[in-house]
Amino acid sequence: MEVKVLDFNGKDTGRKVQLSDSVFAIEPNNHAVYLDVKQYLANQRQGTHKAKERAEVTGSTRKIKKQKGTGTARAGSVKNPLFKGGGTVFGPRPRSYSFKLNKGLKRLARKSAFSIKAKESNIIVLEDFNFDAPNTKNFINVLKALGLENKKSLFVLGESNKNVYLSSRNLKASNVVTSSELSTYAILNTNNLVLLEGSLELIEENLSK
């Protein structure tokens, strides 16, 4: 599919680029997308949750009351999970939520995400640009020129650009990443995907393996 190339002022440069059908026009595999997003979110979890079990609660080990003749259930410890302040039964323990996915499935998921964005016409191709120094106002002007000032956007660079990254860092609705940092979650968790020309070849090369 062909997409016109815009400059950072939002104007048509008169050039077009051909997006690879094998990356941007496949039939999306929803299950692959689900698994990749699930893995990404699972990896964000610290897994440091912990509840004290019966053996870990501080308390006396003496028998609370005599075994028989009280008319109530027998009780042998204040640490009993049935009592207030007692241990937790099968409480959470520190653990890792991460799980493994093969590279082929992850590539399929990213291609599916790109294809979904392309089908929705939410991909913008922008010629490479740079700022002389970090300046948030300059980045906001780029967003306004592209009509993205009130939308969630993800800018994908071919290589790291400190000035562009720092200019966008204070803006909650916009993120800047390099092509190697892209994830299925990041692609789908945005309204508009802005691909700089320098990133296209790297994206297609990486996903065509």
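Just so you know, these numbers come straight off a predicted model, no measurement behind them.

Asker: Even after reading the chapter, I still don't get helix 3 (residues 103-119), so can you show me in this structure?
Answerer: Each turn of an α-helix holds 3.6 residues, which means side chains three or four residues apart point in the same direction. Along its 17 residues, helix 3 runs 24 Å from first to last C-alpha, staying within 8% of the 24 Å computed at 1.5 Å per residue. Along its buried surface, helix 3 packs onto helix 1 (21-24), helix 2 (30-44), strand 3 (123-126), helix 6 (184-188), strand 6 (192-196) and helix 7 (197-207). Capping the start of helix 3 is the job of one residue whose side-chain oxygen sits 3.3 Å from the backbone nitrogen of Gly104: Asn102. Just past helix 3, the residue Ser121 takes up positive phi, approximately 60°.

Asker: Please explain the pairing of strand 3 as it appears in this structure.
Answerer: For a regular strand, side chains alternate in direction, first toward one face of the sheet and then toward the other. Along strand 3, one buried face is formed by Ile123 and Val125 and the opposite face, lined by Ile124 and Leu126, is buried too. Judged from the two bridges that link them, strand 1 (residues 2-6) and strand 3 form a sheet pairing that is parallel. Within the sheet, the bridge partner assigned to Leu6 lies in strand 3 and is Leu126. Bridge count for strand 3 against strand 6 is four bridges, and the pairing is parallel.

Asker: Which parts of the structure should I look at to understand the domain arrangement of the chain?
Answerer: When the parts of a complex come together, some accessible area is lost, and that lost area is often taken as the interface size. When the domains of the chain are assigned, the result is domain 1 (1-44 + 99-206) and domain 2 (48-95). Put simply, the middle of domain 1 and the middle of domain 2, counted by C-alpha atoms, are 54 Å apart.

Asker: How do you make sense of the nonpolar core when you look at a structure like this?
Answerer: Nonpolar side chains in soluble globular proteins tend to end up buried together. Phe24, Phe114, Val156, Leu182, Leu193, Leu195 and Ile203 are the most contacted members of the largest nonpolar core, which has 21 residues in total. When residues of this core are traced back to their parent elements, those giving at least two are strand 1, helix 1, helix 3, strand 3, strand 4 (153-157), strand 6 and helix 7. In contact with Leu193, other than residues within four places in its own chain, are Phe114, Asn122, Ile123, Ile124, Leu154, Val156 and Ile187. Phe139, Leu143, Val164 and Leu171 belong to the second largest nonpolar core, which has 17 residues in total.

Asker: Would you mind going over the sheet that holds strand 2 (residues 12-18) with me for this structure?
Answerer: Paired through backbone hydrogen bonds, the strands of a sheet run either parallel or antiparallel to each other. What the six strands build is an open sheet, ordered 2-1-3-6-4-5; its pairing is mixed. What marks the edges here is a single partner per strand, and that holds for strand 2 and strand 5 (174-178). Across the sheet, the axes of successive neighbouring strands diverge by a mean angle of 30°, strand direction being ignored. When strand 4 meets strand 6, the two strands line up parallel, connected through four bridges. Within strand 6, the position partnered with Leu154 by the bridge is Leu193. Across the sheet, helix 7 lies against strand 1, strand 2, strand 3, strand 4 and strand 6, angled at about 95° from strand 6, the strand it touches most.

Rules used in this analysis
Residues numbered from 1 in each chain as written. Predicted model: local features only at pLDDT ≥ 70, side-chain atom pairs only at ≥ 80, totals over all residues. Heavy atoms only, no water. Helix = DSSP H or I, 4+ residues; strand = E, 2+ residues; numbered from the N terminus. Expected span 1.5 Å × (residues − 1). Contact = heavy atoms within 4.5 Å. Polar contact = N/O pair within 3.5 Å; in protein donor to acceptor, adjacent residues only side chain to side chain. Buried < 20%, exposed > 50% of the residue type's maximum accessible area, 1.4 Å probe, protein only. Pairing = 2+ DSSP bridges. Domains from an automatic or database assignment. Core = buried A, V, L, I, M, F, W, Y, C linked by side-chain atoms within 4.5 Å. Axes fitted to C-alpha atoms, helices over the stretch in contact; angles between N-to-C directions.

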